[in-house]
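# Notes for the structure review
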Amino acid sequence: METVRLLLLIVHILGFAALIGGLLAQAGRGEKEVNAAMRDGTGTAFVAGVALVGVLEGLDVEVDYAKIAVKTVIGLVLLVLVMANSRKSRIPQGLWAGLLVLAVANVCVAVLWSPAHAA
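An account of the accompanying structure is given in this report. None of the values given here were measured: they were computed from a predicted structure.

### A closer look at the overall build of the chain
Within the chain one finds 4 helices and 0 strands. Helices (α) and strands (β) of the chain occur, in sequence order from the N terminus, as α-α-α-α. Taking 14 Å as the expected radius of gyration for a compact globule of 119 residues, we find that the chain reaches 15 Å, a close match to that expectation. Overall, the C-alpha framework of the chain stretches about 45 × 30 × 20 Å when taken along its three principal axes. Sorting the 119 residues of the chain into buried and exposed places 34% on the buried side. With the model as given, the accessible surface of the chain reaches about 6900 Å², and the carbon-plus-sulfur share is 69%. Separation between the mean location of the 9 positive side-chain charges and that of the 8 negative ones in the chain comes to 14 Å.

In structure tokens, the structure reads:
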């Protein structure tokens, strides 16, 4: 089960890498769009995150439900915004910036809200 947990964690991280990479690839361009990396990355990260929580509960690991709730809400907002705009030819600059902020915020919650980093 530990191997499954680690594989899901890797897939979760790769999903966020694809999402953020898809956003940053458009940083210099004038017009922004929801690209395949953003669409697939956000879906992968969300599904892998939900599965990861299930595996953690199966391993009888103490789960921080407040952290999971915050990450789930941010991930769900990302997923809905990306999917709702995936068929549009372009998205507003503000939406692009908001998606980038939400994606980075979700990564920050994952890294900073952790007992492994407590002093």
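### Description of the pattern of salt bridges
Going through the model one piece at a time under the given rule, you end up with 3 salt bridges. As a salt-bridge pair, Arg 90 and Glu 31 come within 3.4 Å of each other at their nearest N and O atoms. Of the two residues, Arg 90 sits in the loop between helix H3 (65-84) and helix H4 (93-112) while Glu 31 sits in the loop between helix H1 (2-24) and helix H2 (36-58), which places them 59 residues apart along the sequence. Both residues of the pair, Arg 90 and Glu 31, count as exposed.

### Observations concerning the packing of aromatic side chains
Aromatic ring pairs are reported here in terms of the distance separating the ring centres and the angle at which the planes meet. A full pass over the atoms with the stated rule returns 0 aromatic pairs. The aromatic ring of Trp 96 is capped on one face by Lys 32, whose charged end is 4.8 Å from the ring centroid.

### Details of the nonpolar core
One finds Leu 19, Leu 23, Met 38, Leu 78, Ile 91, Leu 99 and Ala 103 to be the most contacted residues of the largest nonpolar core, which totals 17 residues. Every element with two or more residues in this core is listed here: H1, H2, H3 and H4. With 6 residues, the single largest contributor to this core is H4.

### Topic: the packing of H1 against H2
Closest axis-to-axis distance for the H1/H2 pair is 7 Å, and the angle between their directions is 155°. As the angle between them shows, H1 and H2 are arranged roughly antiparallel. Crossing handedness for the pair H1 and H2: left-handed. Between H1 and H2, the contacting residues are Val 4, Arg 5, Leu 8, Leu 9, Val 11, His 12, Gly 15, Phe 16, Ala 18, Leu 19, Gly 22 and Leu 23 on the first element and Ala 37, Met 38, Gly 41, Thr 42, Thr 44, Ala 45, Ala 48, Gly 49, Ala 51, Leu 52, Val 55 and Leu 56 on the second. Considered class by class, the residues forming the contact of H1 with H2 number 16 nonpolar, 7 polar and 1 charged.

The rules behind the values
- Residues numbered from 1 in each chain as written.
- Predicted model: local features only at pLDDT ≥ 70, side-chain atom pairs only at ≥ 80, totals over all residues.
- Heavy atoms only, no water.
- Helix = DSSP H or I, 4+ residues; strand = E, 2+ residues; numbered from the N terminus.
- Rg over C-alpha atoms; globule rule 2.2 N^0.38 Å.
- Buried < 20%, exposed > 50% of the residue type's maximum accessible area, 1.4 Å probe, protein only.
- Areas by Shrake-Rupley, 256 points an atom, 1.4 Å probe, with all protein chains shown as cover.
- Lys, Arg positive; Asp, Glu negative; His and termini not counted.
- Charge placed at Lys NZ, Arg CZ, Asp CG, Glu CD.
- Salt bridge = Lys/Arg side-chain N within 4 Å of Asp/Glu carboxyl O.
- Phe/Tyr/Trp six-rings, centres within 6.5 Å; stacked < 30°, edge-to-face > 60°.
- Lys NZ or Arg CZ within 6 Å of the ring centre and 35° of its normal.
- Core = buried A, V, L, I, M, F, W, Y, C linked by side-chain atoms within 4.5 Å.
- Axes fitted to C-alpha atoms, helices over the stretch in contact; angles between N-to-C directions.
- Parallel < 35°, antiparallel > 145°, perpendicular 65-115°, else oblique.
- Left-handed = near helix turned anticlockwise from the far one by under 90°.
- Contact = heavy atoms within 4.5 Å.
- Nonpolar A, V, L, I, M, F, W, Y, C, P; charged D, E, K, R; others polar.

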